[in-house]
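# A structural walkthrough
Take a look at the letters that make up each chain.
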There are 2 protein chains.
Amino acid sequence: MNSRNFFWARYQITADSRAHAEKISSQIATEQSVEMPVDAVPESAAKFIAIFELAKQVSEKRWITVIYYPKPIVDGDRTQFLNVLFGNISLKSEIKLFDVDPGYLSELFAGPSFGIVGIRKLLHVPYRPLSCTALKPVGLSVSQLADRAFQFSTGGIDIIKDDHGLTDQSTATFDDRVTAIVRAVRKGEQNSGKKTLYFPNITTSPLQIYNRFQKAVELGADGVLLSPQLTGPEVLHDLAQEQILPVMAHPAFSGTFVTDPLHGITPSFYYGTLWRAMGADCIVYPNARGRFLFSENVCNSINSACRSDMGDIKPSLPTPGGGIDRDSVSRWMKQYGNDTIFLVGGSLYQHSAGLETAAREFQNVLLDYEK
Amino acid sequence: MNSRNFFWARYQITADSRAHAEKISSQIATEQSVEMPVDAVPESAAKFIAIFELAKQVSEKRWITVIYYPKPIVDGDRTQFLNVLFGNISLKSEIKLFDVDPGYLSELFAGPSFGIVGIRKLLHVPYRPLSCTALKPVGLSVSQLADRAFQFSTGGIDIIKDDHGLTDQSTATFDDRVTAIVRAVRKGEQNSGKKTLYFPNITTSPLQIYNRFQKAVELGADGVLLSPQLTGPEVLHDLAQEQILPVMAHPAFSGTFVTDPLHGITPSFYYGTLWRAMGADCIVYPNARGRFLFSENVCNSINSACRSDMGDIKPSLPTPGGGIDRDSVSRWMKQYGNDTIFLVGGSLYQHSAGLETAAREFQNVLLDYEK
């Protein structure tokens, strides 16, 4: 085997014995490459059959298996890469994708175009943790949303993103909304004396999304929000490679890939490694102790995957949200460290003194980090 | 409540008591609409909060709850519709989407452009079940794949689709492959005296897919194969609405939505109802008793959803595969009935007398249906 012609992917499988684990491994290798009985594969295609190596038994019923996929079956198509990794076997059970050959990820993906350093440059914030909030709720008018953006930027928030449910509703159409909010944020910056970035949500039909991205650029947005599992994951890569605006990835509609502990993809690989490789500068995920499921260990593992050395692929900013409020930011900041965006939504809106004060208090917690 | 301004979605949830079930229902309603604490929603947006009705307890811990979503939060955006149905709650656990207001599906989606009757017209086959096979494996040259297609069409197969892992690999690029296979299939038709449809796989980056679709049209393909969960589901709708070629949908990368019995989306709603509404003329799913998980009940429920009355939305052809071989076709045909495409792959390739004979024997089983 010439290892340069293969890339590996590591899975956890569930099996009763070594023989059973080998059988499952062999089935995965065949299913995800030639997808036909091995005895019917013509000799000329034999080298396209993936091969496996049973790595180890990790508990009574769990085994780690490594599948070596021939690179020519992907041949540079990133959507086909996802299909090879977890296409048909998504329909089986108790197969969990752990990670993939990082060398191959670097061959196939270019990673974020801005990354941690790039986002910090846009904000002129070299070191401290970053703040983010979401414009919401859906249903407000353009002027109501713009007024909220003005208050948040006046209070000094680093990044304001649209709620991921704001699309092109007639209550606040995309063009009118982005135009008004960009203007409001620029006005707020004059009050705060600092930079605030605005990331509108461009998630919509995959065939229309490039137009919406271009529109965001034209209207002066500072970045975009995208839900890759709704648009097709490779959109993330294609937009990042434009190298015009940073992309923040949102996990809407992706949960079933990561919520079953025995089947799917680990959150650290899916959000941290894969979305980063595909080009997400900022990666939103549901924080522990909030409305969602992830444990602190899972969150730590996503953070590590976002920031670890991946050669030429720049690090991304983990963006925990959905479980962080004004009072707990300080605690999470100590745990997650400076290269993190803290996404706080609901509790700012609940502040009795209004959004500007709420934003300023939130921002002050982050400024404390440097003291 | 003016019911014309809402659409309903029905979920199964897991709860310890009625009060707990009401709490979960309320959380879903808020999460999937305004996504913020209800006490912080401005009065002008209050009508955009979804509401719930706890329908019934179905077993000790399972409850059915109905969420009524205000239509303006979707406002015609089909990708946003998926986000509202199962965006953030995909990241929770034990929430299973059962079905959605069929009247609203008809408002939002146009369904297949060909449907069962349209596909039968293309094939000049008014009544009997239909046959399908897959060109494989990846790695073969254009001439090898074209030769297989020639043998299958000479043997009389109704539909030949690409394996869903054939994209634009240099071993058989998209343009060369489709050109050669279209020619081979037309030649085979002269031997068989009957029509054979060829559906190349156009799945690739969402931003490039429309070009590949157009190329398939230009090169004379009879339909296309698409994996909606790899391309972004709404691509299915957009291509179907071109009304040029039938679309066959493949379940690659979609399995985690349907494999957890307590969390995700039911297979009958996801594949049967939703993909049909979005425009799939033929819907591939993994058949029972094969390499995958679905029970016969699940398969029957998908078939029903494909064919049931949905008003203006045409019925789709369920296309069970991955668990059907030459010997079992007859049994499945009796069970699933005539409005079914039987997808048989591996066992044709294993036939000792070659592909043409294998295809002819397979076809003869279907012809027997009319006797």
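Report on the accompanying structure. Remember, predicted model here, so these are calculated numbers, not experimental data.

All names here are of chain B. The strand order across the open sheet formed by four strands is S8-S9-S11-S12, and the pairing between neighbours is parallel. In the strand order of this sheet, the two ends are held by strand S8 (224-226) and strand S12 (317-321), each with one partner. For this sheet, the mean inter-axis angle between neighbouring strands, taken without regard to orientation, is 25°. Bridge analysis of strand S9 (residues 247-249) against strand S11 (residues 282-286) gives two bridges, and the strand direction is parallel. In the strand pairing of S11, Ala249 is matched with Ile283.

The subject of this paragraph is helix H4 (residues 115-123) of chain A. Residue and element names in this part refer to chain A. The set of residues buried in H4 consists of Gly115, Ile116, Gly118, Ile119, Arg120 and Leu123. The inward-facing, buried residues of H4 abut strand S5 (130-135), strand S6 (159-162), strand S7 (197-199), strand S11 (282-286), helix H11 (296-307) and strand S12 (317-321). Looking at the residues trailing H4, positive phi occurs at His124, about 55°.

Once chain B is rotated about the relating axis by 180° and shifted along it by 0.0 Å, it coincides with chain A to within an RMSD of 0.0 Å. The relationship between the two copies is best expressed as a two-fold rotation axis. Identified as the residue of chain B closest to the rotation axis by C-alpha distance is Gly232 of chain B, at 1.9 Å. When the interface residues of chain B are mapped onto chain A, 99% of them again lie at the interface, so the same face is used by both copies.

Turning our attention to the state of the cysteines. Disulfide: a covalent bond connecting the sulfur atoms of a pair of cysteines. Residue and element names in this part refer to chain A. Under the criterion given, the structure shown has zero disulfides over all chains. With no disulfide partner, Cys306 has as its closest neighbouring cysteine sulfur the one in Cys282, 9.6 Å distant. On the basis of relative accessible area, Cys306 is assigned to the buried category, the value being 0%.

Moving on, we get to the packing of aromatic side chains. Aromatic ring pairs are defined here through the distance separating the ring centres and the angle between the ring planes. In total, this model carries 33 aromatic pairs over all chains according to the counting rule given. Plain terms: the ring middles of Phe152 of chain A and Tyr349 of chain A are 5.5 Å apart, the flat faces sit at 85° to each other, and that makes the pair edge-to-face. Here Phe152 of chain A, found in helix H5 (residues 142-154), pairs with Tyr349 of chain A, found in helix H13 (residues 346-349); they are 197 residues apart in sequence, far enough to count as distant. Of the two residues, Phe152 of chain A and Tyr349 of chain A, neither departs from the other in class, the shared state being buried. Aromatic pair Tyr210 of chain B and Phe213 of chain B: ring centres 6.1 Å apart, planes at 40°, arrangement tilted. One end of the pair is Tyr210 of chain B and the other is Phe213 of chain B, both in helix H7 (residues 209-218) and three residues apart, which spans about a single turn.

Moving on: the interface of chain B and chain A. Put simply, an interface is often sized by how much accessible area is lost when its parts join up. Contact residues are listed per partner, giving 82 residues for chain B and 81 residues for chain A. Taken over both partners, the interface formed by chain B and chain A buries close to 6600 Å², and the fraction arising from carbon and sulfur atoms is 61%. For the chain B face of the interface with chain A, the top three residues by lost area are Leu91, Leu207 and Phe253 of chain B, together amounting to 12%. For the interface between chain B and chain A, the tally reads six salt bridges. When the shortest N-O distance is used, the salt bridge between Arg291 of chain A and Glu35 of chain B registers 3.4 Å. For the interface between chain B and chain A, the tally reads 42 residue pairs in polar contact (both at pLDDT 80 or more). Mapped onto the side of chain B that touches chain A, the elements with two or more residues apiece are helix H2 (78-86), helix H5 (142-154), H7, helix H8 (228-231), helix H9 (234-240) and helix H13 (346-349) of chain B. Of the residues forming the side of chain B that touches chain A, the biggest block, five residues, is contributed by H2 of chain B. Tallied by class, residues from the side of chain B that touches chain A come to 35 nonpolar, 33 polar and 14 charged.

What counts as what
- Residues numbered from 1 in each chain as written.
- Chains lettered and ligands numbered in written order.
- Predicted model: local features only at pLDDT ≥ 70, side-chain atom pairs only at ≥ 80, totals over all residues.
- Heavy atoms only, no water.
- Pairing = 2+ DSSP bridges.
- Helix = DSSP H or I, 4+ residues; strand = E, 2+ residues; numbered from the N terminus.
- Axes fitted to C-alpha atoms, helices over the stretch in contact; angles between N-to-C directions.
- Buried < 20%, exposed > 50% of the residue type's maximum accessible area, 1.4 Å probe, protein only.
- Contact = heavy atoms within 4.5 Å.
- Least-squares fit on C-alpha atoms with pLDDT ≥ 70 in both.
- Disulfide = S-S within 2.5 Å.
- Phe/Tyr/Trp six-rings, centres within 6.5 Å; stacked < 30°, edge-to-face > 60°.
- Buried area = accessible area lost by both parts, 1.4 Å probe.
- Salt bridge = Lys/Arg side-chain N within 4 Å of Asp/Glu carboxyl O.
- Polar contact = N/O pair within 3.5 Å; in protein donor to acceptor, adjacent residues only side chain to side chain.
- Nonpolar A, V, L, I, M, F, W, Y, C, P; charged D, E, K, R; others polar.

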